[in-house]
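Examination of the molecular architecture
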Amino acid sequence: MPYTIRSLKLEGFRGFRDPVSLDLGAGLVILRGPNRSGKSSTVNAVAWAIAGGEVTKKNLGPVTIRERVGWKEANVEAEHCSVTLALQETDTGEELVIERSGGRKGRVEVIRGGEQLNTDPLKTLGLSVDSLVSTVFLPQEVVRAPVSIEPKSRERIFAQLVGLDSLSALEDTLSSAVSVTRNACREIQQRRSTIDATIRAQASLKSAEVEKATRRAEAAGLTAGDVSSAAAPRLAQRATAALAQFCTDYSVAMPSVLDVASWRDLGSFIFEVRGALSTFEAESPETARQSEIFRVKSGLKGLLDEHDRLIEQREQLEAKRAALTQDHGTENDVSNKLGVESTTLTSLEDQIRRAGKMRTMIADALTYFEALPSEPPLISCPVCQTEGVDLKHVREHLNQEIEKAGLEPLHTSRDACAKRKRELEKAAYQYTELAATEKELQKSMDELREELTRIRGDSIDTTESVERILKALIAEKSTELQNLRGLIEE
């Protein structure tokens with residue numbers, strides 16, 4: 001939107017050390033004065049207030065602005081540098097104030113209608129630095145450039161002067177808009193194709209449903225005239241008459257049903273009639289009997305499944321018992337072998353203790369004889385009891401006894417016996433577990449027989465097959481259910 005400069009306040013900006021206020025709202029304004037009187041500084045203040053340090057650059061594209069070489073915004077003798085630019089929107093008359101201060105703590109504020117904005121002045125005015133310096137504010141170097149600089153840079157200068165940059169931007173925008181529009185059209189066409197395909201699919205589905213309904217009508221003996229909209233009341237009357245005859249035959253109250261005036265009422269009419277028939281069926285003795293038989297049949301199937309499970313567990317138990325018998329013999333064999341191994345183990349441990357004592361005594365005797373003088377008197381042999389033998393004879397006999405008292409074979413025999421005993425003890429424990437499991441299985445089987453006796457109403461002989469009885473009862477209940485379904489359908 002266009003703006004008009006209303007006033008300009010400068011303080012410490014370039015040649016303006018002291019505060020200066022300029023009223024620029026009288027239309028055309030001409031600045032006249034000698035060199036270094038502040039003409040350029042006044043115009044530069046407007047550009048600096050809007051764009052800040054961006055306008056202090058000496059180069060504008062290919063053009064060098066001589067007066068900006070070493071250009072600084074702050075007056076060297078002033079403590080503060082600031083410019084306040086007041087603008088007025090041409091159409092609405094709303095005021096826009098831009099306040100910019102320089103130095104290390106420089107800041108800029110944009111105030112519109114008394115409310116501070118958090119936007120950049122250039123963005124607020126819809127300008128760029130190039131458009132500001134080359135069209136809004138034209139340095140004389142820019143005006144001279146087309147006739148003074150090299151030809152290859154003239155195109156850009158002319159483009160800036162006549163606003164071709166804006167036209168290029170507009171062209172890019174329009175090209176982008178064309179691309180977006182084409183993509184939107186392409187997406188609309190795709191969606192239209194999807195919608196058309198969906199409509200065709202639904203039409204095909206409805207056509208199939210109509211064809212199916214037509215076949216059902218033909219199977220029921222209905223003609224095209226019977227299913228026309230005019231025939232709807234006549235069909236409803238026929239159905240109502242059949243319902244009334246049913247109620248008379250079975251002595252039940254006639255339910256209230258909808259009076260059909262057109263085919264639009266048929267859906268509600270059918271719903272009401274079906275509800276009445278469902279009520280009749282739920283209240284009939286046949287239906288109650290059917291539920292009872294179904295419950296009994298389900299219970300019989302559960303008993304048959306339990307019987308099969310018990311038989312399977314018994315077979316597994318017998319397989320384990322056969323494996324134990326093959327490895328260790330019968331339960332009595334295991335008990336007898338366990339007694340023998342226990343006795344053998346006790347005997348071996350007693351032999352080991354006695355042999356250990358004997359070995360200790362022999363070792364002590366050898367130690368004693370080793371301590372005798374080199375030529376001892378003749379002594380009695382503690383092994384063979386021979387009198388008057390020398391030390392050599394005694395040593396030989398004692399060494400023989402030590403060899404006889406060797407413990408290694410006894411230890412080996414004892415360990416083997418202990419291992420056989422542990423295996424037999426494990427087998428005996430497994431036989432005990434199998435007996436307990438067999439007892440539980442027999443208890444469950446007895447309970448199943450009692451339940452079957454209760455259902456059949458007659459005791460079951462031990463020679464009778466429970467499986468055969470259960471299957472016969474299930475078949476009997478299935479036949480009864482089938483007969484009841486026929487009665488209910490009638």
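Please refer to the structure higher up on the page.
The residue numbering used here restarts from 1 in each chain and proceeds along that chain's sequence as written. Only residues with pLDDT of 70 or above have their local features reported here, since the model is predicted, and side-chain atom pairs are shown and tallied only from 80 upward, although totals for entire chains, interfaces and linings are computed over all residues. Side-chain numbers come from the whole structure's heavy atoms, not from hydrogens or water.

Moving on to the overall build of the protein. Helix and strand labels come from DSSP, where a helix needs a run of H or I of at least four residues and a strand needs a run of E of at least two; each type is numbered from the N terminus. The number of helices and strands found in the protein is 13 helices and eight strands. Buried residues are those whose accessible area, probed at 1.4 Å on protein chains only, stays under 20% of the maximum for their type, while exposed residues exceed 50% and partly exposed ones sit between those limits. Going through the 490 residues of the protein one by one, you find that 25% of them count as buried. Throughout, a residue-residue contact means that at least one pair of heavy atoms, one from each residue, lies within 4.5 Å. At a minimum sequence separation of 6, the contacts of the protein that also span at least 24 residues come to 60%. Element-wise, carbon and sulfur atoms account for 52% of the exposed surface of the protein, whose accessible area totals about 33,100 Å². With residues, only the protein chains shown are counted as cover, and all accessible areas are computed by Shrake-Rupley using a 1.4 Å probe.

Here the focus is the nonpolar core. In these notes, a set of buried Ala, Val, Leu, Ile, Met, Phe, Trp, Tyr and Cys residues joined through side-chain atoms within 4.5 Å is what counts as a nonpolar core. If you look at the biggest cluster of nonpolar residues, it comprises 24 residues, and the most contacted ones within it are Leu-8, Phe-13, Ile-50, Val-83, Leu-85 and Leu-132. Each residue touching Leu-85, except ones within four places of it in the same chain, is listed here: Ile-5, Ser-7, Leu-8, Val-46, Ala-49, Ile-50, Leu-96, Val-97 and Ile-98. With 23 residues, the next largest nonpolar core counts Leu-310, Val-334, Leu-448 and Leu-470 among its residues.

The subject of this paragraph is the side chain of Asn-75. Relative to the assigned elements, Asn-75 resides in the loop between strand S4 (63-64) and strand S5 (82-89). Among the polar contacts made by the side chain of Asn-75, one reaches the main-chain carbonyl oxygen of Arg-14 at a distance of 2.4 Å. With residues up to four places along the chain from it excluded, the contact list for Asn-75 reads Gly-12, Phe-13, Arg-14, Gly-15, Phe-16 and Arg-17. Pairs of N or O atoms are called polar contacts if they sit within 3.5 Å, as long as, within protein, a hydrogen donor faces a hydrogen acceptor (for residues adjacent in sequence, only side-chain-to-side-chain pairs).

Turning our eyes to something else, we now look at the sheet that holds strand S2 (residues 20-23). Taken together, six strands build an open sheet; the order of strands is S2-S1-S5-S6-S7-S8 and the sheet is antiparallel. At either margin of the open sheet sits one strand with a lone partner, and together these are S2 and strand S8 (115-117). The sheet shows a mean angle of 20° between the axes of neighbouring strands, direction not considered. At least two bridges found by DSSP between two strands are what make those strands a pair. To get an axis, fit a line to the C-alpha atoms, keeping to the stretch in contact for a helix; angles then go from 0 to 180 degrees between the N-to-C directions.

On to the packing of aromatic side chains. Pairing of aromatic side chains here covers Phe, Tyr and the six-membered ring of Trp, requires ring centres within 6.5 Å, and sorts the geometry by plane angle: under 30 degrees stacked, over 60 edge-to-face, intermediate tilted. Taken as a whole, this structure holds one aromatic pair when the rule is applied. For the ring pair Phe-13 and Trp-48, a centre distance of 5.4 Å and an interplane angle of 35° mean the geometry is tilted. Of this pair, Phe-13 sits in the loop between strand S1 (3-11) and S2 while Trp-48 sits in helix H1 (residues 39-51), and the two are 35 residues apart along the sequence. Given the relative accessible area of 0%, Phe-13 is considered buried. Classification of Trp-48 by relative accessible area gives buried; the value is 3%.

Pairing between strand S6 (residues 95-101) and strand S7 (residues 107-112): six bridges, direction antiparallel. Across the sheet, residue Leu-96 finds its bridge partner in S7, namely Arg-112. Across three bridges, the pairing between S7 and S8 is antiparallel. Each bridged residue has a counterpart across the sheet, and for Ile-111 the counterpart in S8 is Gln-116.

It is worth spelling out a negative patch on the surface at this point. Here, patches come from residues exposed beyond 30% relative accessible area and free of salt bridges, joined within 9 Å for like charges and within 5 Å for nonpolar side chains (Val, Leu, Ile, Met, Phe, Trp, Tyr). Every case where a carboxyl oxygen of Asp or Glu lies within 4 Å of a side-chain nitrogen of Lys or Arg is listed as a salt bridge. As used throughout, the charge tally considers Lys and Arg to be positive and Asp and Glu to be negative, leaving His and the chain termini uncounted. Just so you know, the charge point we use is NZ for Lys, CZ for Arg, CG for Asp and CD for Glu. Taken together, the side chains of Asp-305, Asp-308, Glu-312 and Glu-315 present a region of like negative charge at the surface. Along the chain, Glu-312 turns up in helix H9 (residues 285-328). Accessibility expressed as a relative area gives 47% for Glu-312, which makes it partly exposed.

Positive phi, normally seen in glycine, also occurs at Arg-14, with a value near 45°. With respect to the element layout, Arg-14 can be found in the loop between S1 and S2. Of note, Arg-36 is a non-glycine position whose phi angle comes to about 65°, a positive value. Accessibility expressed as a relative area gives 86% for Arg-36, which makes it exposed.

This part is about helix H12 (residues 408-456). Take the number of residues in a helix, subtract one, and multiply by 1.5 Å to get its expected span. With 49 residues, H12 extends 72 Å from end C-alpha to end C-alpha; this agrees with the ideal 72 Å at 1.5 Å per step. Looking at H12, one finds that the buried residues are Leu-410, Cys-417, Ala-418, Leu-424, Ala-427, Tyr-431, Leu-434, Leu-441, Met-445, Leu-448 and Leu-452. Downstream of H12 by a residue or two, Gly-457 has a phi angle that is positive, lying close to 80°.

So, on to H1. With 13 residues, H1 extends 19 Å from end C-alpha to end C-alpha; this agrees with the ideal 18 Å at 1.5 Å per step. Taken across its 13 residues, H1 has 10 buried, putting it largely inside the fold. All buried positions along H1 are accounted for by Ser-41, Thr-42, Asn-44, Ala-45, Val-46, Ala-47, Trp-48, Ala-49, Ile-50 and Ala-51. Just downstream of H1, Gly-52 is the residue with a positive phi angle, here 70°.

Here the idea is simple: oppositely charged side chains can pair when their charged atoms come close. This model, assessed by the stated rule, comprises 13 salt bridges. With a shortest N-O distance of 3.7 Å, Asp-18 and Arg-17 are connected by a salt bridge. The class of Arg-17 is partly exposed, set by a relative accessible area of 42%. Where Glu-318 meets Arg-321, a salt bridge forms, and the shortest distance between an N and an O atom there is 3.7 Å. Of this pair, Glu-318 and Arg-321 both sit in helix H9, three residues apart, which is roughly one turn of the helix.

Relative to S5, S1 runs antiparallel, the two sharing eight bridges. Residue pairing across strands places Tyr-3 opposite Glu-89, the latter belonging to S5. One ladder, built from four bridges, connects S1 with S2; its direction is antiparallel. When the sheet's bridge partners are listed, Leu-10 is paired in S2 with Val-20.

Once that is clear, we can look at the environment of Ile-5. By the element assignment, Ile-5 lies in strand S1. Look at Ile-5 and you get partly exposed, because its relative accessible area is 29%. Along the sequence, Ile-5 and Glu-95 sit 90 residues apart, while their C-alpha atoms lie 9.9 Å from each other. Sequence-distant contacts of Ile-5, defined by excluding residues within four places in its chain, comprise Leu-24, Gly-25, Val-46, Leu-85, Ala-86 and Leu-87.

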